[in-house]
Amino acid sequence: MKHLFLFFAAILCAGCSSAGYYWQAINGHAELLNSERPITEVLADKSIRPEVKQKLQRAQSIRRFASKALHLPDNNSYTQYADLHRPYALWNVVATPKYSIQAKQWCFVLVGCLSYRGYYDKHEAEAYAESLRQQGDDVMVSGARAYSTLGWLDDPLLNTMLYKDDARLAGIIFHELAHQQVYKKGFSSFNEAFATTVQVEGVFKWLAARHDLAGIKKYRQNFIRRLQFNQLLRTTREKLQQAYSEKDSEQQKVVAKQRIFAELKMNYQHIKQQWHGDTSYDAWMAQDLNNAYLALVGTYFDDVPYFRKLLKENNGNFAKFYKVVAAMTDAQIKAIAAIHPRLAARL
């Protein structure tokens, strides 16, 4: 997402004073809509590469599975294809103060407050990020391969989603459709953990239906490593938070910050030894990391153990699970955030 940015949020934004931001969102989504073609038409196009057609055929099968087996919305989402001719659908800007791990927020009428601001053009995202750096903030610019309009529009399949293996593609489709199924305004961690649970459990169910034992083993391994890496980042985030609250002078905070990020790099090398040379997170770790890179740690995974337990209590029945989640009150959602285990999900 796995990161969510809603086009309508830009149109109806509260507190977004920049007309440029408004228009880039309109133009960006309009470009996407203008690029849409029915998948059936794309499959008949002789100019389309065979590997792309194979992915699109698999996506159609995954889309049918999502509605029939996972009871996700049965609409026209992911029946159209759009090639944006770029690696990401949009770029999200995340920012924190120099000595804080709390992300800044931007508030929107339909979706509530979000801890990032999305741009369809990378240069515009970088320009806004630079303006925040000039104010003294720590900033991260991160590419997102997909986003959801929460059912307001039929979301197309994007070229940015056709990367890596079919399990990854299935996960993206299940995750984004889950946002259409249940969305609680103003509760980012709740929404993302719910969608992540549908994504993970959905992929396991999809792989099992295909009797893909090797795929299940690989997906399980990748998920466990994702949890381990996320725990490493969370531990680092907690160290930073403690240091910023305890250190008196700015120089002490600078030294502590440098030391903690150096420890992160070292601890990553230690955890990699358990992964037998897996380099999946090397590129991410090679960046010039700062607070903003850790600000959203836990958003996608902290509440996953709760949701997985809830799904199990409903005998793995996704339809019943959705009804229970949709009926939750704001008070119940806040209580979940207070009691969730620290990445204690187990497969």
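Reading the values: rules and limits
- Residues numbered from 1 in each chain as written.
- Predicted model: local features only at pLDDT ≥ 70, side-chain atom pairs only at ≥ 80, totals over all residues.
- Heavy atoms only, no water.
- Core = buried A, V, L, I, M, F, W, Y, C linked by side-chain atoms within 4.5 Å.
- Buried < 20%, exposed > 50% of the residue type's maximum accessible area, 1.4 Å probe, protein only.
- Helix = DSSP H or I, 4+ residues; strand = E, 2+ residues; numbered from the N terminus.
- Contact = heavy atoms within 4.5 Å.
- Pairing = 2+ DSSP bridges.
- Axes fitted to C-alpha atoms, helices over the stretch in contact; angles between N-to-C directions.
- Salt bridge = Lys/Arg side-chain N within 4 Å of Asp/Glu carboxyl O.
- Parallel < 35°, antiparallel > 145°, perpendicular 65-115°, else oblique.
- Left-handed = near helix turned anticlockwise from the far one by under 90°.

K.L.:
Sorry if this is basic, but what is going on with the nonpolar core here?
P.N.:
Ranked by internal contacts, the top residues of the largest apolar core, which has 64 residues, are Leu72, Leu157, Met161, Ile173, Phe174, Phe194 and Phe321. Here this core takes 10 residues from helix α7 (residues 188–209), the largest share from any one element. Not counting chain neighbours up to four residues away, the residues in contact with leucine 157 comprise Ile39, Leu56, Ala59, Tyr78, Gln80, Tyr81, Ala82, Leu162, Leu169 and Ile173. Counting 29 residues, the second-largest nonpolar core is a separate cluster that includes Tyr244, Ile271, Tyr281 and Leu289.

K.L.:
Looking at this structure, I do not really get unusual backbone geometry. What am I missing?
P.N.:
For residues other than glycine, phi is negative in most cases, and the peptide bonds are mostly trans. Here lysine 164, not a glycine, exhibits a phi torsion of approximately 60°, which is positive. In this structure, lysine 164 sits in the loop between β8 (157–158) and α6 (166–181). Residue lysine 164 is classed as exposed on the basis of its relative accessible area of 55%. Despite not being glycine, histidine 211 has its phi angle at roughly 55°, a positive value. Its location among the elements puts histidine 211 in the loop between α7 and α8 (213–246). Overall, the relative accessible area of 69% leaves histidine 211 in the exposed class.

K.L.:
Would you mind going over the sheet that holds strand β7 (residues 138–144) with me for this structure?
P.N.:
Strand pairing in a sheet is mediated by backbone hydrogen bonds. Such pairs are either parallel or antiparallel. With antiparallel pairing, the three strands of this open sheet are ordered in space as β6-β3-β7. The strands lining the two open edges of the sheet, one partner per strand, are β6 (117–119) and β7. Taken pair by pair, the neighbouring strands of this sheet meet at an average axis angle of 25°, ignoring direction. The sheet contact formed by strand β3 (residues 90–96) and β6 spans three bridges and is antiparallel. Across the sheet, valine 93 pairs through a bridge with arginine 117, a residue of β6. Strands β3, β6 and β7 of the sheet are contacted by helix α5 (residues 122–134), whose axis makes an angle of about 5° with β3.

K.L.:
Even after reading the chapter, I still don't get the sheet that holds β8, so can you show me in this structure?
P.N.:
The three strands are arranged β1-β2-β8 in an open sheet whose pairing can be described as mixed. Looking along the sheet, the strands with just one partner apiece sit at the ends: β1 (36–38) and β8. Across two bridges, strand β2 (residues 80–82) lies against β8 in parallel orientation. Looking at β8, one finds that alanine 82 is bridged to leucine 158.

K.L.:
Where do I start with the pattern of salt bridges in this structure?
P.N.:
Note on pairing: side chains with opposite charge can pair once their charged atoms come close. Per the stated rule, a full pass over the model turns up 18 salt bridges. Ionic pairing is found between arginine 308 and glutamate 201, a salt bridge with its closest N-O pair at 2.6 Å. Here glutamate 201 lies in helix α7 and arginine 308 lies in helix α12 (residues 304–313), a separation of 107 residues in the sequence. According to the relative accessible area criterion, arginine 308 is buried, its value standing at 18%. Overall, the relative accessible area of 18% leaves glutamate 201 in the buried class. Linking lysine 272 and aspartate 282 is a salt bridge whose minimum nitrogen-to-oxygen distance equals 3.1 Å. In this pair, lysine 272 is assigned in helix α9 (residues 250–272) and aspartate 282 in helix α10 (residues 282–285), connecting sequence segments 10 residues apart.

K.L.:
What exactly am I supposed to notice about the packing of α12 against helix α13 (residues 318–326) here?
P.N.:
Where α12 contacts α13, the axes come no closer than 9 Å and their chain directions differ by 125°. Taken together, the axis directions place α12 and α13 in an arrangement best described as oblique. Crossing hand, α12 versus α13: right-handed. Contacts between α12 and α13 pair Phe307, Leu310 and Leu311 from the former with Phe318, Phe321, Val324 and Val325 from the latter.

K.L.:
Looking at this model, I keep getting lost on the pairing of β3. Mind explaining?
P.N.:
With seven of seven residues buried, β3 lies mostly within the body of the structure. Because side chains alternate across β3, one face comprises the buried residues Leu90, Asn92, Val94 and Thr96, and the other comprises Trp91, Val93 and Ala95, equally buried. Pairing of β3 with β7, which is carried by seven bridges, proceeds in the antiparallel orientation. Within β7, the position partnered with tryptophan 91 by the bridge is glycine 143.

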